[in-house]
Amino acid sequence: MITFKKGFYITYNVGTYSIKDNGNGGKYIVSNEYSSVFNKEPKIQTRIQFFNNPHNSLNMLTEFANVDVTKVESIIKYCNKFGLPVSSSYLDIKYKGVYRGDYIVNLEEYKGINPFWEHDNMPLDEFIDHHTNVSNLLYLRNVLGSNNYEKKKYIETIASVLLFYFENSFNLNFQNEFPTTLTAFYQYIFLRSYKLMGKNDDLVSKIYRFVQIRQNNVEPLSDYTYADYVKITNDDNKEFFIYYDSFLIELVQNNPSIYVDMKRRLVKFDKEVVITPQLLDLAEMILPSIMMDVINQRLARIQPILDYDSKTKVFTATWDWSSQLDGIMIELLLDLAEKSIVKKCANPTCDNYFTPLRDNRKYCCSTCAVCVAKRRQRQRAKEKAKEAKNDT
C-alpha cells in the first residue's frame, strides 16, 4: 500500500456499484463485477492511487469525508471512483475467507448470510458508519487548537468519539478488534456497561452508572474474562481516566436531556444546551489524547513489512494492510504529523473539506467563492436600498 519515496499509495478494488436489497430489508453496496477469487467475468479491477505526492493533490481523506451519505448518487459516485472503504474482494484474497462487517468468515458461512457473496460488497449502514467516524475525526482535527468552532457540535463530536467510535468494531468479547490504547480500553468498558444496562435507561443514567462502576473499581459483568482488565483500573491509568470521567459528568449534570442516535452513534443535545467554561477546558484537555488513541488503535493492525521482487531481485518496503480505510487512517496520521492544512469551506451552505494550495484560500472551489461573493453583493444591495428608503 505504501511506498516511502512517493508518499504512499493504496492498491484498491473498484467496479461499477449499485444499491441492492438483500431480501431481508438490508441495503448493500454491490459491484456488478465478480470478486477476483471466483474466476468469473466481468472481474473486479485493481488500481493503484498515489497520495501525499507533490504531483498529485488528490486526498482520499477529504474525498471520503465529503460524500453526502443522504444521497445515493453521492455514495455511488465515490465507490465507482475509489471502490469500497473495506473491500470484500481484497479480504477474499488476503485471508482466504470472506469479509463480513469487521469479521472474517469462511466461504460456506458467508454464502448463507449474503446473497451477494460473489461480488465486491458491503452493507450500506457500514459505509455510513465509516463515513461518520472519518468525518468526526476530520472535524476534530480541523478545530484542534482553534477558537473558531460551534461549541454545541464540538462537544457532541468529542462525546461521540469518546464513547461510541468503536461500537461496531468491538464485539465485546475480544473476538474481533482488540483494544490496544487507553481510550479504546475506556470505551470498551463503557460499551459493555452500556449494553448490559436496562434498555429503557437513558444515556445520562448510563453515564452516571458507568462512572460510578469504573471509579469504584466494581466489576458488574459476570461473564467478563479478559485478563488485562487491570490495564484500565490500575493506579497509573486511574489518573488518566479521571479527566474523561470529569468531562462526562460535567456534560450530563448540565444537560440531562442528551441522548445517543445509535443509527449514527452520535451524542446529541435534545433541548437547550448548557456548555460551561469548565466543560470546554476539559474538552480541550482530553481531545489530543482521544485523537491520538483512536488513530493509533486503527494503526495497530497495520505494520511495515519487507518484500522481495523475484523478477527484479530487489527488496521493497511496503505495509501490511486490510482495507482502503487503513490507508485513510495513515493519511490522517501524516496530515497531523506534517501539520498540513485541512480546511472546511467558508461557504456556509457547503460542508466540504479541502487541502488548500495556498494558506489564505477559504473556499473549496471557484463555485463556492462566486456563490459567497454574489450573496454578499445581494446583501449590500438590500442594505443600500433600505438606507435609501430611510432617507426619503
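Everything numeric in this text was worked out from a predicted model, so none of it was measured.

J.: Even after reading the chapter, I still don't get the environment of F240, so can you show me in this structure?
T.: Residue position: F240 is located in helix α10 (residues 235-254). Given the relative accessible area of 24%, F240 is considered partly exposed. Once the C-alpha coordinates of F240 and L182 are considered, the two residues, 58 residues apart in sequence, prove to be 8.7 Å apart. In contact with F240, not counting residues within four places along its chain, are L182, S289 and D293.

J.: In this structure, what is going on with the sheet that holds strand β2 (residues 17-21)? I would like to understand it.
T.: Spatially, three strands are ordered β2-β3-β7 in an open sheet, and the strand pairing comes out antiparallel. On the outer flanks of this sheet lie β2 and β7 (119-123), each paired with one strand and no other. Sheet twist, expressed as the mean angle between neighbouring strand axes with direction ignored, is 30°. Where strand β3 (residues 27-34) meets β7, four bridges bridge the pair, whose relative direction is antiparallel. Bridging from a neighbouring strand, Y28 pairs with P123 of β7. Its contacts with the sheet place helix α2 (residues 72-82) against β2 and β3, and it is angled at close to 125° to β2. In this fold helix α5 (residues 124-143) packs onto β2, β3 and β7, with an angle of close to 65° to the strand it touches most, β7.

J.: Where do I start with the pattern of salt bridges in this structure?
T.: Any two side chains of opposite charge can pair, given that their charged atoms come close. With the rule as written, the count across this model stands at eight salt bridges. D21 is the salt-bridge partner of K27, the closest N and O atoms lying 3.8 Å from each other. Residue K27 is classed as partly exposed on the basis of its relative accessible area of 43%. Note on D21: relative accessible area 41%, which makes it partly exposed. Ionic contacts of the salt-bridge type, sharing partners, join the residues K152, E156 and K268 into one network.

J.: Teacher, can you tell me more about the nonpolar core here?
T.: Buried together is how nonpolar side chains tend to be arranged in soluble globular proteins. Membership of the largest hydrophobic core comes to 80 residues, with the highest contact counts inside it found for I29, F127 and F247. Aside from chain neighbours lying at most four places away, what touches F247 is I155, I158, A159, L162, L279, L282, A283 and I286. Counting seven residues, the second largest nonpolar core, distinct from the first, contains C350, F354, C364 and C368.

J.: Help me out: how do you make sense of the environment of Q187 in this one?
T.: Topologically, Q187 is positioned in helix α7 (residues 182-196). On the accessibility criterion, Q187 (0% relative accessible area) is buried. Counting along the chain gives 23 residues from Q187 to F164, while the straight-line C-alpha distance between them is 7.1 Å. Leaving out residues up to four positions away in the same chain, Q187 has contacts with V161, L162, L163, F164, Y165, F166 and E167. Among the polar contacts listed, one links the side chain of Q187 to the backbone oxygen of V161, at a separation of 3.0 Å. A polar atom in the side chain of Q187 sits 2.6 Å from the backbone nitrogen of F166.

J.: Help me understand the packing of helix α11 (residues 277-299) against helix α12 (residues 324-337), please; the structure alone is not making it clear to me.
T.: Packed helices, taken two at a time, are described by their axes: the angle between them and the distance between them. Packing of α11 against α12 brings their axes to within 9 Å, and their N-to-C directions diverge by 140°. As far as their axial angle goes, α12 and α11 are oblique. The element α11 and its partner α12 pack so that their crossing is left-handed. Residues M291, I295, R298 and L299 of α11 pack against M329, I330, L332, L333 and L336 of α12. The residue makeup of the contact of α11 with α12, split by class, is eight nonpolar, no polar and one charged.

The rules behind these values
- Residues numbered from 1 in each chain as written.
- Predicted model: local features only at pLDDT ≥ 70, side-chain atom pairs only at ≥ 80, totals over all residues.
- Heavy atoms only, no water.
- Helix = DSSP H or I, 4+ residues; strand = E, 2+ residues; numbered from the N terminus.
- Buried < 20%, exposed > 50% of the residue type's maximum accessible area, 1.4 Å probe, protein only.
- Contact = heavy atoms within 4.5 Å.
- Pairing = 2+ DSSP bridges.
- Axes fitted to C-alpha atoms, helices over the stretch in contact; angles between N-to-C directions.
- Salt bridge = Lys/Arg side-chain N within 4 Å of Asp/Glu carboxyl O.
- Core = buried A, V, L, I, M, F, W, Y, C linked by side-chain atoms within 4.5 Å.
- Polar contact = N/O pair within 3.5 Å; in protein donor to acceptor, adjacent residues only side chain to side chain.
- Parallel < 35°, antiparallel > 145°, perpendicular 65-115°, else oblique.
- Left-handed = near helix turned anticlockwise from the far one by under 90°.
- Nonpolar A, V, L, I, M, F, W, Y, C, P; charged D, E, K, R; others polar.

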